[in-house]
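# An overview of the molecular structure
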Amino acid sequence: MQCQECGVKPATLHFTKIVNGEKTEFHICESCAREKGELIPGTSGGFSIHSLLSGLLDLESAGKGKSAAAQSVQGLQCENCGMTYSQFSKLGRFGCSSCYKYFDSTLDPLFRRVHGSTAHVGKLPRRAGAQIMCKRQIDELKQELQQSIVQEEFETAAELRDRIRKLEKEMPQE
């Protein structure tokens, strides 16, 4: 896709603006974005996912103030690489894979705010996703089973129980 402003360079930035209920889409190159002032405030020279995450982390800490809980979060540190939570909030990325374990208590609220959930519910590859799809189906059936039990529909509950057992036996192994 070509830049809508200059028509020469490829569009690398895609914006959707909603002003007074009117939606406008822009597809522009980075140089035209600089000229129009469309770059995200607070980023140095362009958009970065790390800047986005660090911005979200700063918003989270700014909203809470300096409570005891916020201070204890700031004191968290990865024992493997030594990265502190304040370094993570500035960089927007971890130092090593162990950081996920050490900063776990702070990640769920962040993921919930960014993604709306803490579990992946997106598309799955057909070949590799068979087990995950089966697990999702079992989870849905278990929820239906609980509802049937609460509503005292025991015949339906027994059928659901049998379907769950059958799926658990047939579930593909990795």
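So, a few notes on the structure that sits alongside this text. Numbering of residues starts from 1 in each chain and follows the order in which that chain's sequence is written. pLDDT decides what is reported in this predicted model: residues at 70 or higher carry local features, side-chain atom pairs at 80 or more are listed and counted, and totals for whole chains, interfaces and linings draw on all residues regardless. Calculated side-chain values reflect all of the structure's heavy atoms, with hydrogen atoms and water omitted.

All right, on to the state of the cysteines then. Structurally, a disulfide amounts to a covalent bond that connects the sulfur atoms of two cysteines. Cysteine sulfur atoms are paired as a disulfide whenever they come within 2.5 Å of each other. Throughout the structure, instances matching the rule amount to zero disulfides. You can see Cys6 has no disulfide; the closest cysteine sulfur is in Cys3, sitting 3.7 Å from it. When a residue's accessible area, from a 1.4 Å probe over protein chains only, is under 20% of the maximum for its type it is buried; when over 50% it is exposed; and in between it is partly exposed. In this structure Cys6 comes out as partly exposed when scored by relative accessible area, which is 33%. Not part of a disulfide, Cys78 finds its nearest cysteine sulfur in Cys96, a span of 3.7 Å. Given the relative accessible area of 2%, Cys78 is considered buried.

What follows covers the pattern of salt bridges. Salt bridge, as applied in this entry: a Lys or Arg side-chain nitrogen positioned within 4 Å of an Asp or Glu carboxyl oxygen. A complete count under the given rule lists three salt bridges for this structure. A salt bridge links Lys142 to Glu168, with the nearest nitrogen and oxygen atoms 3.8 Å apart. With Lys142 in helix H7 (residues 130-150) and Glu168 in helix H8 (residues 154-170), this pair connects stretches of sequence that are 26 residues apart. Taking relative accessible area as the criterion, Lys142 reaches 37% and is therefore assigned partly exposed. A salt bridge links Arg161 to Asp162; the nearest nitrogen and oxygen atoms lie 3.1 Å apart. Strands are runs of DSSP state E lasting at least 2 residues, helices are runs of H or I lasting at least 4, and numbering of each runs from the N terminus.

Where strand E1 (residues 13-19) lies against strand E2 (residues 22-28), seven bridges are found, and the strand directions are antiparallel. Within E2, the position partnered with Val19 by the bridge is Glu22. Criterion used throughout: strands pair if DSSP finds at least two bridges between them. With antiparallel pairing between neighbouring strands as the criterion, E1 and E2 make up a hairpin whose turn holds two residues, including Asn20 at a positive phi of roughly 50°.

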